[in-house]
Amino acid sequence: MTIVQKMRSQLAPAMKARDTAKTAFLRYWIAQLTLGTGAEMDDAEAIKKMRSVLKEAKGGVTTFTAEEIDQLREWVPASLSPDQIRAAVEPVADQIRAAPKDGMALGVAMKALAGQPVETEDVKAAVNALRAPG
């Protein structure tokens, strides 16, 4: 079951319970994650879109309420912790250190983490720690 299908399955019970906040949240996100043709975004794209809203909120720039952000967090899988990221990039640590530029080093790390839920800032921190002299 896709994220949109799960949201649709929760919409009717939220409406029956007269939970206006949840109903509005589900309607908004169903609309956001449904393409103009009526087709649903795949889960990877949906999660990416929801993560971008969470990232904006983390930076303090958002039009969403705190309650909406909390509801959104329930739909987005947790990111790897900085320790988990360091462990995951350890097999390519030599390639990261050998990269001539920071951007290339980040690319090596991101390729090693492909398909895993990570925050780019956490990956940058792990790369910088590996590349730090000493």
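So, here's what we can say about the structure. (Residues numbered from 1 in each chain as written. Predicted model: local features only at pLDDT ≥ 70, side-chain atom pairs only at ≥ 80, totals over all residues. Heavy atoms only, no water.)

1. Section: the side chain of Gln71
Next, step 1: Assignment of secondary structure puts Gln71 in helix H4 (residues 66-75).
Next, step 2: Note on Gln71: relative accessible area 12%, which makes it buried.
Next, step 3: Setting aside its immediate chain neighbours within four residues, Gln71 contacts Ala21, Lys22 and Phe25. (Helix = DSSP H or I, 4+ residues; strand = E, 2+ residues; numbered from the N terminus. Buried < 20%, exposed > 50% of the residue type's maximum accessible area, 1.4 Å probe, protein only. Contact = heavy atoms within 4.5 Å.)

2. Here we look at the layout of surface pockets
Next, step 1: Size it by volume and the largest pocket reaches roughly 430 Å³.
Next, step 2: What lines the largest pocket is a set of 16 residues, and nearest its centre among them are Lys48, Arg51, Gln116, Val118 and Thr120.
Next, step 3: Tallied by class, the residues present in the lining of the largest pocket amount to seven nonpolar, four polar and five charged.
Next, step 4: Roughly 220 Å³ of volume is contained in the second largest pocket.
Next, step 5: Considering the residues around the second largest pocket, the lining is formed by Arg51, Leu54, Lys55, Lys58, Arg73, Val76, Pro77, Ala78, Ser79 and Glu119.
Next, step 6: Element by element, the count of residues in the lining of the second largest pocket is highest for helix H3 (residues 43-58), at four residues.
Next, step 7: Taken together, the residues of the lining of the second largest pocket break down into four nonpolar, one polar and five charged. (1 Å grid on protein atoms, 1.4 Å probe; cavity = no way out; pocket = protein on both sides within 12 Å on 5 of 7 lines; lining within 4 Å. Points joined across faces, edges and corners; volume = space filled by probe spheres on them. Nonpolar A, V, L, I, M, F, W, Y, C, P; charged D, E, K, R; others polar.)

3. Digging into the pattern of salt bridges
Next, step 1: Taken as a whole and judged by the stated rule, the model has six salt bridges.
Next, step 2: Put simply, Glu40 and Arg8 hold a salt bridge, and the shortest N to O gap is 2.7 Å. You can see Glu40 sitting in the loop between helix H2 (20-32) and H3 and its partner Arg8 sitting in helix H1 (residues 3-16), a full 32 residues away along the chain.
Next, step 3: Between Arg131 and Asp102 there is a salt bridge, with the nearest N and O atoms lying 3.0 Å from each other. Taken as a pair, Arg131 in helix H8 (residues 120-131) and Asp102 in helix H7 (residues 102-112) lie far apart in primary sequence, 29 residues in all.
Next, step 4: Note on Asp102: relative accessible area 48%, which makes it partly exposed. (Salt bridge = Lys/Arg side-chain N within 4 Å of Asp/Glu carboxyl O.)

4. Observations regarding the environment of Phe64
Next, step 1: With respect to the helices and strands, the residue Phe64 is situated in the loop between H3 and H4.
Next, step 2: Phe64 gets classed as buried once you look at its relative accessible area, which sits at 18%.
Next, step 3: For the pair Phe64 and Lys111, spaced 47 residues apart in sequence, the C-alpha separation works out to 32 Å.
Next, step 4: The contacts of Phe64, once residues within four sequence positions are left out, are Tyr28, Trp29, Val53 and Ile69.

Distances and angles like these do not, on their own, reveal function.
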